[in-house]
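# Geometric and topological summary
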Amino acid sequence: MASPWSCGVSVLLGLISRLSIFHPACGLDIPLDVVLGHLNIEQLPSLTVQSPSSVIAFPFDERYPMKCEARGNPEPEYRWTKNGQEFDPNQDPRLIKEEDSGSFLIPNSGNVTEYQGTYRCYASNRLGTAISEEIEFIVPNVPKFPKEKINPIVVDEGQPIILECNPPKGIPPLQIYWMTLGLQHIEQDERVSMGLNGNLYFSNALEKDSRRDYCCFAAFPRIRTIVQKTAMSVIVRNTTSISGSESGTRANALMERKPSLLVPSGGQTEVRLVKEQELELECIAEGFPTPKIEWTKMGSVLPDRAKVESHGKLLKISRVHEADSGKYTCKAKNSIGEVVHKFHVTVEEPPRWTEKPESLISMIGADVFIKCAAAGLPQPTITWKVNGLAPSDVPVSKRKVSYDTISLHNVQPGDSAVYQCEASNRHGTLLANANILVMNLLPMILTGDSQEYAAVVGRNVMLHCKVFSSPPATISWVKDDTAKPVDGERFFVHENGSLEINYVTKEDNGQYTCFATNMEGKSAITANLDIKDPTRIVDPPQDLRILRGTTAQFTCQADYDKSLRGDLEISWEKDDMELDFNLTESMGYFADDGILQIANVSHKDQGMYTCRARTSLDQDIASAHLIVLDVPDTPTDLVLFEHKDRSVRLKWVPGDDHNSSTTEFIVEYEESQWEPEKWKEMVQVAGNQTSALLKLHGHVDYRFRVAGMNAVGRGEFSEPTRRYKTPPAAPDRNPENIKIEGHLPDEMDIKWEPLLPIEHNGPGLDYKVSFRRKNAEEKWKEFVVKRHSFIVKNTPTFVPYEIKIQAKNHQGWGPEPKVVIGYSGEDFPSAAPEDVAIDVLNNTLIKVTWAHVSQDKLNGHLGGYRVNWWRFRSLLDSQRGQGEKHSLTFPGDRNHAIIPGLRPFSEYSLIVVAFNGRGNGPGSHSVTFKTPEGVPEQIPILRATNAQRNSITLVWAPPLEANGVLTGYFLEYQLINDTEDLGKLQSINISSPDTNKWVLENLEPVSRYKFYLRGCSRVGCGPAVSEESTTALEASLASIHGGISTQSWFIGLMCAVAFLTLTVLIACFINRNKGGKYSVKEKEDLHPDVESQGMNDDTFCEYSDNDEKPLKGSLRSLDGDIKATDSGDSLVDYGDEDGQFNEDGSFIGEYAGRKARESMEVKGTAPISA
């Protein structure tokens, strides 16, 4: 229904369109009430509010409004009609009137039935009358079923039944249910169903249909009412009770019959309905067997919107249109015959406007034509009214009324009126009010003067000039007081008077004037235009691929016109929906200064994010995609198929890979016997596969599950499959990793890796151990055991045997086992290496050679050779002692070795032993050797004292290890300036080894010096120790210091300090030689890479020592540069476990704690000959 207010607006807008420049429709957006109110011009009535076409008096509502509001000048007056008769609400004290309108309220008190009827509102003033559509006030009665006594319905089995509902009338929609008195629904199917009329139909009765409580319930939701009909009783008689086979056959023949229609009746039905309604065609047939219904449309196919319901008996087509008109047929058939019914469907249409009458303003003396046309089926009839009256009741000589047009000639102000056009057919009525206002008026520009406009470069701008005038005004625009109107391709004056400038530039800045002119006069306004720089996003957001649970960040920075500072707003959208950071669903989103952060990203955060940089004038947008990466979703729909005794195929439906392709699927299994609830991996398949063939063990009750893997990680495992149990079978394999050891000379210990429980393949697993001597004509000796080890006793020492182990269970033997070779127990080697010789390479390194021990004397597998040595004494000492034992182990069959880490200028004793798996053999004859002299160790302490103006006194302690005969000291010193540069190096040879103090003279005053001191032997000088000191400023100060230094108490104090310091150092040295430990880093620093010193590859060995005596030797580097303070440390200081050396002799072992008389064997490469 058209709004009365819209009609009123269109009256004035029509006039404005005639008054505007260039095009008659230019004034459609000018508000009539503003214009006429400002000018105080009389205005025809226009309805603004009215009630809907029907008002229902629901019993739970307090009151029922009858709305009618209008506007006009003068204010309209209201009157009502009821059922075509005058009705005055003011005369009824029970009605509630509303002030300043024609509306009134009908209260829900007392009897409201008397107000039932059809109402119409009239709003009138001096110029004319507007009328509303008819409003029907409906007072529904409370629906009730009549009280009645219904006799039982008695039918023979196989006959049809119709239970009539006949629901009472009420406010739609109506809902009907068939239930028992216990509120149990009557089951419906192809045989039993409810029709559209509410009746319950039985195509053929069965004995089970007999019952006494068939009830029809009618529900009216809009009035919240449900009513129940009196219960009905049905009795179905059994027709097969006649005795005898011939009689029974005849009874069955009587039951079978061709279909006939219960609904609808006759052979053809005419159906009319309105466009957009739902078409419902129903066919319910009786017969035995139960008929089936088929639907067709003659000459066409059923549309896609067609649905068949109610077990095929109801055809529905939603929202019908003209193409759905035609003939439809339903065919009911069974094995006996068929029946057909035709429906002739016509889709009609309520009235709709094809040309709605428009309101308009006309100038005096013009001709006015009011058109009104409508379409519909049937074709609507057009009825005209003037101010609510028939044209014949308001005669005007210059007015002509035709079917769809009213024409007015030479109109005058008195011809202003409200014209009503009503289009009707049997499906409804349309009403339109057209206000015709006749007047002349000087152009009035409704847009305010001196308006400020702003636009950005490259955009369009609209300068407004809304004009109200009669007759129409001519509109023109000029710029900056020029006489010539603006023109050009970029300038366009619209029908409503507005000036549009396209693609503005900076040159478009300035003042513009709008002129409106008609025969009544001329009006003008000015407008100022300011052109701004555009807004541009210079740092747009970038596409992101991010892991779920992490934080995503988008950046958006924009440039804009600086005059708009503070006006820039940056907003964010997700999938074209603006993010409101105040809403709960936007939790996790944080935006600040053009940065959007998304915390704890989840899958719902994936999408397109748009940054919108906006000012009051323009905006710029940039978008980026957020792709959330995650592990694959859980696979679903696991199915086992291709079932076999020892295999099964598993298939699944992959889960979402979350933007990272699935690379593989992991299949795990769980079995219920050995390790229940413990899942183990069975197989991995490629990510493009959705099934896997699973190889199974026997006698196992399996379950399987699957998880997907992608670049992000592994997803959750699926729900497990149902269990799949395999039958028992013989073992598939025999034990592996068979180990033969001999802990005693007359025994052979056989061990193997047992089969896993799941590999048993059935109950009763045993192992058969078979063995015999190799290369001997012996039969296999066999023993069956359950454990996974077996000891063969009374064997010869170190004899080869052939051994095999086979698995068996109750189902049979495993495959034929492989034969392995093993040896019986070993004994100690019975011979020592001979021809032991020593070649001294330098003062810390020797080479040892020996002759191989023959194979028959080894009594086992040769493990290698051990070299043991002892330091008797330093060659400076005349008395010999027994030093701590040292040991190096050299795996394999070899006859030479390099021994590093010896102390220079020392006497040693050395032996060589062979060893096997049982232990060491006898030692060789002892060989004694001496190491050459070396350079002294670093001096432990150097102090600069008694600094004078031109001299400094140096005091030191002798080297802890001279490594030879100490011959004296070598002193060097040099001047250090402020930039840390070193001056010329000067040196002094101190030939006395007993000297521990030296005074340096002729030094420069107030200068800093650096001193270097080395201990020297007959071989050379050792590493230097350094010290720095500064000479004094004045002689007086030096003399003061000198005076103090000559005091007896000061000399005694300094001697005590020196003595205590020396005592502490000696104690530390002795303690370290007795087993003091250092960090691994220090030890590595103390033992430089032998390879860099030219050693050969004869030092691959193991190193060990025992704890019989404290170690007193020290390790030296080949060039003698090892610090003397570290000389108490050697490879063997770090424990009894053997140190390991590469073939080049470099130390690679770990330092370990002591063990009594044990050394660790290092498996190495094959021996290398010297």
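Quick caveat, the model's predicted, so the values are computed rather than measured.

How each quantity is defined
Residues numbered from 1 in each chain as written. Predicted model: local features only at pLDDT ≥ 70, side-chain atom pairs only at ≥ 80, totals over all residues. Heavy atoms only, no water. Core = buried A, V, L, I, M, F, W, Y, C linked by side-chain atoms within 4.5 Å. Buried < 20%, exposed > 50% of the residue type's maximum accessible area, 1.4 Å probe, protein only. Helix = DSSP H or I, 4+ residues; strand = E, 2+ residues; numbered from the N terminus. Contact = heavy atoms within 4.5 Å. Polar contact = N/O pair within 3.5 Å; in protein donor to acceptor, adjacent residues only side chain to side chain. Salt bridge = Lys/Arg side-chain N within 4 Å of Asp/Glu carboxyl O. pLDDT = per-residue confidence, 0-100. Phe/Tyr/Trp six-rings, centres within 6.5 Å; stacked < 30°, edge-to-face > 60°. Lys NZ or Arg CZ within 6 Å of the ring centre and 35° of its normal. Pairing = 2+ DSSP bridges. Axes fitted to C-alpha atoms, helices over the stretch in contact; angles between N-to-C directions. Disulfide = S-S within 2.5 Å.

## What to know about the nonpolar core
If you look at the biggest cluster of nonpolar residues, it comprises 30 residues, and the most contacted ones within it are M66, W80, F104, I106, Y119 and F137. Among the secondary structure elements, those contributing two or more residues to this core are β1 (43–50), β3 (63–66), β4 (68–73), β8 (104–107), β9 (117–124) and β11 (135–138). In contact with F137, not counting residues within four places along its chain, are V55, A57, Y64, I106, V112, Y115, Q116, G117 and Y119. By size, the runner-up hydrophobic cluster in this structure holds 24 residues, among which are V155, L163, I186 and V192.

## Some details on unusual backbone geometry
Between V263 and the following residue, P264, the backbone shows a cis peptide bond with an omega angle of -5°. With an omega dihedral of 0°, the bond running from F288 to P289 counts as a cis peptide bond. Phi angles above zero are rare outside glycine, and D637 is one such case at about 55°. Mapped onto the elements of the fold, D637 is located in strand β56 (residues 636–641). Non-glycine residue N946 carries a positive phi angle of around 50°. Inspection of the secondary structure puts N946 in the loop between β79 (942–945) and β80 (952–956).

## What to know about the side chain of N916
For N916, the position within the fold is in strand β76 (residues 906–916). The exposure class of N916 is buried, given its relative accessible area of 4%. For N916, the side chain forms a polar contact with the main-chain oxygen of D827, separated by 2.6 Å. In this structure, N916 is in contact with E826, D827, F828, P829, L858, N859, G860, H861 and G863, ignoring residues within four places of it in sequence.

## Points about the pattern of salt bridges
Two side chains that carry opposite charge are able to pair once their charged atoms sit near each other. A full pass over the atoms with the stated rule returns 53 salt bridges. Ionic pairing is found between D480 and K479, a salt bridge with its closest N-O pair at 2.7 Å. Among the salt bridges present, the one from K506 reaches D533, with a minimum N-O distance of 3.5 Å. With a gap of 27 residues between them, K506 in the loop between β43 (499–501) and β44 (510–518) and D533 in the loop between β45 (521–532) and β46 (536–539) connect regions that are remote in the sequence. Classification of D533 by relative accessible area gives partly exposed; the value is 37%.

## A short note on the side chain of N435
Assignment of secondary structure puts N435 in strand β36 (residues 428–438). Judged by relative accessible area, which is 3%, N435 ranks as buried. Reaching out from N435, the side chain makes a polar contact with the side chain of S46 at a distance of 2.8 Å.

## Focus: the confidence of the model for the chain
With 84% of its residues at a pLDDT of 70 or more, the chain has an overall mean of 84. In the predicted structure, residues 1074–1170 sits below a pLDDT of 50 and forms 268 contacts with residues beyond four places in sequence or in another chain.

## Focus on the packing of aromatic side chains
Following the criterion strictly, the structure yields 26 aromatic pairs and no others. For the pair W752 and Y767, a centre-to-centre distance of 5.7 Å together with 65° between the ring planes defines the contact as edge-to-face. You can see W752 sitting in strand β64 (residues 747–753) and its partner Y767 sitting in strand β65 (residues 766–773), a full 15 residues away along the chain. Classification of Y767 by relative accessible area gives buried; the value is 3%. Here the aromatic cluster, defined as three or more aromatic residues joined through ring pairs, consists of W80, F87, F104 and Y119. In this structure, K651 is placed above the aromatic ring of F641, and the distance from its NZ or CZ to the ring centre is 5.2 Å.

## Some points on the pairing of strand β24 (residues 292–297)
With burial as the criterion, only one face of β24 is covered, namely that bearing I293, W295 and K297; the residues K292, E294 and T296 on the opposite face remain uncovered. Two strands pair when backbone bridges link them, and β24 and strand β27 (residues 326–333) are joined in this way by 6 bridges, in the antiparallel orientation. Following the sheet pairing, I293 is matched in β27 by A332.

## A closer look at the sheet that holds strand β48 (residues 552–555)
Pairing within the open sheet is antiparallel, and its 3 strands lie in the order β48-β53-β52. Of all the strands in the sheet, the pair left with one neighbour each is β48 and β52 (589–592). For this sheet, the mean inter-axis angle between neighbouring strands, taken without regard to orientation, is 15°.

## A short note on the pairing of strand β84 (residues 1008–1017)
In terms of residue burial, β84 counts as a mostly covered element, since 7 of its 10 residues are buried. Pairing between β84 and strand β85 (residues 1025–1030): 6 bridges, direction antiparallel. If you follow R1008 over to β85, its bridge partner there is T1030.

## Remarks on the environment of S498
As for its position among the elements, S498 is in the loop between β42 (491–493) and β43. Owing to a relative accessible area of 1%, S498 belongs among the buried residues under this scheme. Along the sequence, S498 and W477 sit 21 residues apart, while their C-alpha atoms lie 9.2 Å from each other. When residues no more than four places from it in sequence are discounted, the contact partners of S498 are M462, L463, H464, C465, W477, F492 and V493. Side chain to side chain, S498 and H464 meet in a polar contact 3.0 Å long.

## Focus: the state of the cysteines
The tally for this structure, following the rule as stated, stands at 7 disulfides. Covalently, C68 is tied to C121 through a disulfide, its sulfur atoms 1.8 Å apart. Between C68 and C121, the S-S dihedral sits near -70°, and the bridge is therefore left-handed. Residue C68 is located in strand β4, and its partner C121 is located in strand β9; the two are separated by 53 residues in the primary sequence. On the basis of relative accessible area, C68 is assigned to the buried category, the value being 0%. Across the disulfide from C465 sits C514; the S-S distance is 1.9 Å. What sets the handedness of the C465 and C514 disulfide is the S-S torsion sign, and at about -80° it is left-handed. One end of the pair, C465, is in the loop between β39 (461–463) and β40 (467–470); the other, C514, is in strand β44, and 49 residues separate them in sequence. Summarising the burial analysis for this pair, C465 and C514 share the class buried. Residue C215 stays outside any disulfide, its sulfur separated by 8.9 Å from that of C216, the closest cysteine. On the basis of relative accessibility, which here comes to 0%, the residue C215 falls in the buried class.

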